Amino acid sequence: MTTITTSQTTPSTLWSTIQKIRSSYLWRRLAKALFSIWLVATITFFVIRAMPGNAVDILIQELTAQGMSAEDAKNQAAALMNIDLDQPLAGQYLDYLGNTLRGDLGHSYKSAGLSVTDMIVQVLPWTLFSVGLALLITFVVGIALGTIMAYKRDTWIDHLLSNVAATLDAISPYLIGLLAILLLGLTWKLVPIMDMRGAMSPGIKPGFTLEFLTDVFRHVRVLLLVYVLSSIGSWMLQMKSNTVATLGEDYVTVARARGLTDGRILTAYVGRNATLPLFTRLAISVGFVVGGSVLLETLFTYRGIGFLLARSISERDYPVMQGVFLIITISVVFANLLADYVYGWLDPRVHIMGEEN
Amino acid sequence: MAEPTLSVRDLSIVYQARRGQVQAVRNISFDVERGEAVALIGESGSGKTTVGLGLMRLLPATANIIGGSIVYRRYKNGSNSASRETEVLALKGDNLRQFRWRECAMVFQSALNALNPVLRISEHFADTAKAHGYLSGYRQGTALRERSWQLLSMVRLDPERVWRSFPHELSGGMRQRVLIALALLLEPQLLILDEPTTALDILTQRNIMDVLKELRDKLGFSMLFISHDLALAAELADRVATVYAGKIIEVGDVRTIFRRPYHPYTIGLIKAVPTLTSDKSSLVSVPGSPPDLIQLPTGCKFHPRCPLADERSQQEEPALIEVEPGHHVACWHWTHAREALKAYRAET
């Protein structure tokens, strides 16, 4: 009896497993994410080759101009851009995909011999550190100030903060950066100008030493301030409007009627519901952390990924551009995925299909 | 006779609006005796909800209590004299917080949105207990659970199912019953019910009414029932007060009010309710709409809608006078209102 049942259920179990995978939300989302990444990689590949004065030809031209023979130039270009030029475009494309899958993003042809992967790995930590820390500070401070504005609605403190937030939100980050350098560095002389250049002082050995850590902090502080100032306005305003809306909810009135303490109402009833939508934004912002800020990193010569991207664009270092775009795409796509899951986890009303049972 | 659990005297509440002051509650006085159920009946905009919120001191910032007093008396079990008298309007800070829900709980109209969407039902009970100094150790946690489950069964819910649920997993009727159970957690002496069944369908409404009646029989709390629905009020209340333009215009025993209403507005309200036995032609609505509370009519506030209004009604506002024991009316024409209205309806 048992054996019969088993043999009968085996195929259906297998089938239902396949069905489960097919219908699973996670798998579908993951497939979509991979598709987006593939699409961006493909578009980048073809766009770079379809640009007027195609990148490979330009490189060959430049190399020949430096006195290299046509054959050598072609070979070197192929090696640098990690493509076989004798292959038809489709073959080159397949090679590129294969290499990318193995984590080989080709070689920079301006910083001769350096692999793009290595270059990115070198600058990525600085961006993750500076933009990530700034995002964290912005989130926490923005939420706190937004809540205060909502609780003190229509008092002078709300008017003051609202205006400051709206102004900060309207000014371009680049301008805030320039103003910071001008005011802090030159007019008020609060921060030594040298601290605003680069991520650390030359000659300092990286490591878990107090000297290194203080140096890193001294170099990042103004950039951090500019990041926070340029993005905190919209967080404050959004948190304020969320909190005002939540304060008007019936469950807040009922919580008051139930005699709950103000602290409990603030955190579990108002705060939690008002911050919910912001977590999605936070998770999506995490994706853009990797992109860093091209303008601000250039302004502060902060050698992060934005700086690298800006330099590769100005130098027409296509393999580097290609690699950086790919990394940014991957992180944004996965941050979106993360946002969905974080929300489903924080808000019990949102049930991600296929997650139950 | 013991003193009432709740005595409201000359309570006046205004809202500050751009156009001027909204006189939502004007000199209202009433008592709720121990174990008694009083119904406040009126159209929307009559100020009845403002009274309820005022009793809990939950009025929005734009509202102002400009006068009157609300005295609440706490009785110990079995004792016949009040052990403590509280002036609700003088309560501040923690005392006010402790007064809410422990002495006087409120069930709101908005059943669907009264519970925090991100907290489980169990957490709502725990929050309430904690806020009032219960539930600090594990043993009290078990006690809380036992007590809550008992209450949830009393409101005809399956505690096992409901306890770990989030609000959105329950229907509107279930949520309202959860709120009623939650209201009784701290054994308040007074329960304010503000349109507790309005947002619900008719069968759920029936169910909630039965639950409320049952609970009151079992637990013996006093009740202030705020509604626009006379039929529901009749079912639950011992005494009924009709509210019009922020004032009580008629109050009396529920039977008296239904059999011998004297105020034209109360008469109109009763006539506006269809019954199975009455034919359609006897159904009338009160013509016109509630008055503008910023610019109130002169004299009797009901006079623009009243077929019996005369010059006196337009100039002088009638006071609430006792026309028979326990039955008060504020109308110049109460002596002949019913006959006159009958004649008036026959004409038109």
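What counts, and at which threshold
Residues numbered from 1 in each chain as written. Chains lettered and ligands numbered in written order. Predicted model: local features only at pLDDT ≥ 70, side-chain atom pairs only at ≥ 80, totals over all residues. Contact = placed C-beta atoms within 7 Å. Helix = DSSP H or I, 4+ residues; strand = E, 2+ residues; numbered from the N terminus. Nonpolar A, V, L, I, M, F, W, Y, C, P; charged D, E, K, R; others polar. pLDDT = per-residue confidence, 0-100. Buried ≥ 20, exposed ≤ 12 C-beta atoms within 10 Å, placed from the backbone. Pairing = 2+ DSSP bridges.

## Some words on the interface of chain A and chain B
Taken together, the contacts link 20 residues of chain A with 23 residues of chain B. Residue assignment for the side of chain A that touches chain B shows that the elements contributing at least two residues are α10 (250-257) and α11 (262-289) of chain A. Considering each element in turn, the side of chain A that touches chain B owes the most residues, seven residues, to α10(A). Grouping the constituent residues of the side of chain A that touches chain B by class yields eight nonpolar, four polar and eight charged.

## Regarding the confidence of the model for chain A
Residues and elements named next belong to chain A. Residues with a pLDDT of 70 or more make up 90% of chain A, whose mean pLDDT is 84. Taken element by element, chain A is modelled with least confidence in helix α1 (residues 2-23), mean pLDDT 60, and with most confidence in helix α7 (residues 156-170), mean pLDDT 95. Across residues 1-9 the pLDDT falls below 50, and counting only partners more than four positions away or on other chains, this stretch makes zero contacts in the model. Predicted confidence for residues 353-357 stays below pLDDT 50, and this span has eight contacts to residues more than four positions away or in other chains.

## A short note on the pairing of strand β8 (residues 222-227) of chain B
All names here are of chain B. Counting buried positions along β8 yields six of six residues, so the element is predominantly enclosed. Burial along β8 is two-sided: Ser-222, Leu-224 and Ile-226 and Met-223, Phe-225 and Ser-227, pointing in opposite directions, are all buried. Where strand β3 (residues 37-41) meets β8, five bridges bridge the pair, whose relative direction is parallel. Among the inter-strand pairings, Ala-37 is bridged to a residue of β8, identified as Met-223. With five bridges connecting them, strand β7 (residues 190-194) and β8 associate as parallel partners.

## As for unusual backbone geometry
A positive phi angle, near 40°, is found at A:Thr301, a position not held by glycine. Tracing the backbone shows A:Thr301 in the loop between α12 (294-299) and α13 (305-314). Phi is positive for B:Ala245, close to 50°, though the residue is something other than glycine. By secondary structure assignment, the location of B:Ala245 is in the loop between β9 (239-244) and β10 (247-253). The exposure class of B:Ala245 is buried, given the 25 C-beta atoms found within 10 Å.

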